[in-house]
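# Residue-level structural notes
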Amino acid sequence: MIRFILSDLRRLWAGSLVVVLLVALATALGVCVVLQERALRLGSARAADKFDLVIGAGGSETQLVLSSVFLQPSPLPLMPGEVLGKLAADPRVDWAAPIGFGDSFSGYPIIGTTTTLTQNLSGGLAEGKIFAREGEAVIGAAVKLSLGGEIKPMHGSLEEGGETHTELVYHIAGRLRPTGTAWDRTILVPIQAVWHIHGMEAEEHEEDSGHEHEAASGTDSAEHGHEHAGADHDRHEHHGRADPDAALDETWTAGAPGLPAILVKPKTIADAYKLRQEYRSGNTVAVFPGEVLTNLYATLGDAKQILVAVASGAQVLVAASLVLVTVIHIGQRRRQIGALRAFGAPRGAIFGIVWLEFFFLVAVGIALGFALGYTAALILSGMFSQTSGVAMPVVFTREDAGLATVLLAFAAILAALPAVLAYRQSPAQALRA
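First, a word on what this report is: a plain description of the structure on this page. (Residues numbered from 1 in each chain as written. Predicted model: local features only at pLDDT ≥ 70, side-chain atom pairs only at ≥ 80, totals over all residues. Heavy atoms only, no water.)

## Section: the overall build of the chain
Basically, it comes down to this: Comment: elements are numbered from the N terminus, with helices defined as DSSP H or I runs of at least four residues and strands as E runs of at least two. A 1.4 Å probe rolled over the protein chains alone gives each residue an accessible area, and that area as a share of the maximum for its type sets the label: buried under 20%, exposed over 50%, partly exposed in between. Only heavy atoms matter for contacts: two residues are in contact if any of them lie within 4.5 Å across the pair. In these tables, accessible area is a Shrake-Rupley quantity obtained with a 1.4 Å probe, and a residue counts as shielded only by the protein chains included in the view.
Of regular secondary structure, the chain possesses 14 helices and 14 strands. Across the 433 residues in the chain, those meeting the buried criterion constitute 48%. In the chain, of all internal contacts separated by at least 6 residues, the share reaching a separation of at least 24 is 80%. For the chain, the accessible area works out to roughly 20700 Å², and carbon and sulfur atoms hold 60% of it.

## Brief notes about the pattern of salt bridges
Should their charged atoms come close, side chains of opposite charge can pair. Filter applied, for reference: Just to be clear on terms, a salt bridge is a Lys or Arg side-chain nitrogen sitting within 4 Å of an Asp or Glu carboxyl oxygen.
Evaluation of the coordinates by the stated rule reveals 13 salt bridges. Across the pair Lys 265 and Asp 52 runs a salt bridge whose closest N-O atoms are separated by 2.9 Å. In this pair, Lys 265 is assigned in strand E13 (residues 261-266) and Asp 52 in the loop between helix H2 (13-48) and strand E1 (53-57), connecting sequence segments 213 residues apart. Judged by its relative accessible area of 32%, Lys 265 falls in the partly exposed class. Residue Glu 127 pairs with Arg 175 through a salt bridge whose shortest N-O separation is 2.9 Å. Separated by 48 residues along the polypeptide, Glu 127 in strand E5 (residues 125-128) and Arg 175 in strand E10 (residues 170-176) bring together distant segments of the chain. A relative accessible area of 13% places Arg 175 in the buried class. Members of the salt-bridge network, linked through shared partners, are Lys 86, Asp 90, Arg 92 and Glu 278.

## Here we look at helix H9 (residues 269-278)
Using the following cut-off: As used here, the arc belongs to the directions running from the helix axis to the C-beta atoms.
Residues Asp 271, Ala 272, Leu 275 and Arg 276 constitute the buried set of H9. Looking down the long axis of H9, one finds its buried residues gathered within 135 degrees of arc, a one-sided arrangement.

## Here we look at the nonpolar core
Rules: Remark: nonpolar core denotes a set of buried residues (Ala, Val, Leu, Ile, Met, Phe, Trp, Tyr, Cys) joined through side-chain atoms within 4.5 Å.
By size, the foremost hydrophobic cluster in this structure holds 33 residues, and its most contacted members are Ile 99, Leu 117 and Trp 183. Mapped onto this core, the elements with two or more residues apiece are H2, helix H3 (61-68), strand E3 (93-105), helix H5 (115-121), E13, strand E14 (284-287) and helix H10 (289-332). Of the residues forming this core, the biggest block, four residues, is contributed by E3. Not counting residues within four places of it along the chain, the set of residues in contact with Leu 117 comprises Phe 51, Trp 95, Ala 97, Ile 99, Trp 183 and Leu 263. Ranked by size, the runner-up nonpolar core spans 23 residues in total, among them Val 19, Leu 35, Phe 358 and Met 392.

## Details of the environment of Lys 129
Inspection of the secondary structure assignment puts Lys 129 in the loop between E5 and strand E6 (136-139). Distance in space between the C-alpha atoms of Lys 129 and Leu 176 is 9.2 Å, their sequence separation being 47 residues. Those residues in contact with Lys 129, other than ones at most four positions away along the chain, are Glu 136, Val 138, Ala 173 and Gly 174.

## Some thoughts on the packing of aromatic side chains
Note on aromatic pairs: each is described by the distance of the centres and the angle between the planes. Basically, it comes down to this: To pair, rings of Phe, Tyr and Trp, with the six-membered ring standing in for Trp, must have centres within 6.5 Å; the planes then decide the type, stacked if under 30 degrees apart, edge-to-face if over 60, and tilted in the middle.
If you walk through the whole model with that rule in mind, you get five aromatic pairs. Each ring, one from Tyr 273 and one from Phe 288, has its centre 5.0 Å from the other, and the planes form 75 degrees; the classification is edge-to-face. You can see Tyr 273 sitting in helix H9 and its partner Phe 288 sitting in the loop between E14 and H10, a full 15 residues away along the chain. The class of Tyr 273 is partly exposed, set by a relative accessible area of 48%. On the basis of relative accessible area, Phe 288 is assigned to the buried category, the value being 11%. With centroids separated by 5.3 Å and ring planes inclined at 20 degrees, the aromatic side chains of Tyr 374 and Phe 396 adopt a geometry described as stacked. You can see Tyr 374 sitting in helix H12 (residues 347-388) and its partner Phe 396 sitting in the loop between H12 and helix H13 (398-423), a full 22 residues away along the chain. Clustering of aromatic rings is evident, with ring pairs tying together Phe 370, Tyr 374 and Phe 396.

In structure tokens:
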């Protein structure tokens, strides 16, 4: 029987190939959707795990997490600098690191922060040392620059017509270990240097602390603060001066400039919840990144259901097409089936031959579809990781084994239709056809 089936498939190789490809493409669509959605969930969850608590000014919690954890550029309101000093002195806080953004270099975002965050972000450096002066920088693992290289910060990005700062040139002192997050594509510099080159002095902040600022970047609060006040000045007038050899001062006071976000490491879980509750009132908001992602996953889950429905619809259409093709194919093979029956082949053997042949083709298509779906998900995840910096693992789980089982069971039922048609054929009628 097996030899007969293989011989038949070789003789009808073109039609067999079409059946396999149709099944493979329909299966690959569904598998790719499932794997890509799972990769996005795993990658984003692992990226958020590195940050326990994020504090920012009142506004969108989702945007706060997207900007501070995933470094997606977006306008953020500024909170008073006194919040940083208060957190730094809080006994419930292990460390608190301010972040400021808005500048870039060669497509990589420049993030102003502290030595504490730099030390804890990736568990140490892959090479070099942590910045110790205003003119030094540490780059992420995925930044394609070399130690000792120069970084000339640009306000905004090149695509937006950004302006290169001339107040300071950073020199790369070290490189972080890979983290699998968006921070692998960042350039970390002292927040003190960022404040200085943007003219953000403590006195200036205190003078404007009663105003609501909303800037395109956290580092340009001085510039945008003047704009909101109605002053019509050239941007150059709001740039400050920085000394590349100046030592770092990371003792925070109430007079610190405004900040878009502060990353906080509480000492205990209980402290984390207390801090979250305390800073969710007034002019600040505190969030657990994982909670925000849960809400995003709910939206993502709705989108997944739509895509799965589309993929399922495609699979149903393919199944219907296969049934039609198979019925026509059985009709064209009536004489062959009649000859087999005339030579003594029992009905059960005819049923088995047709069923096995069709089931084999569909099963091969399903297997190929899983391979194609996995490959497509790998390519898409690689593209997303390249642009976002977030590692998105593409993995199979037991859930996928269940999907494969369902598809094979459906294939077995589908293969029974042409087998029944062949089983019911009369050999005399078949030979007269």
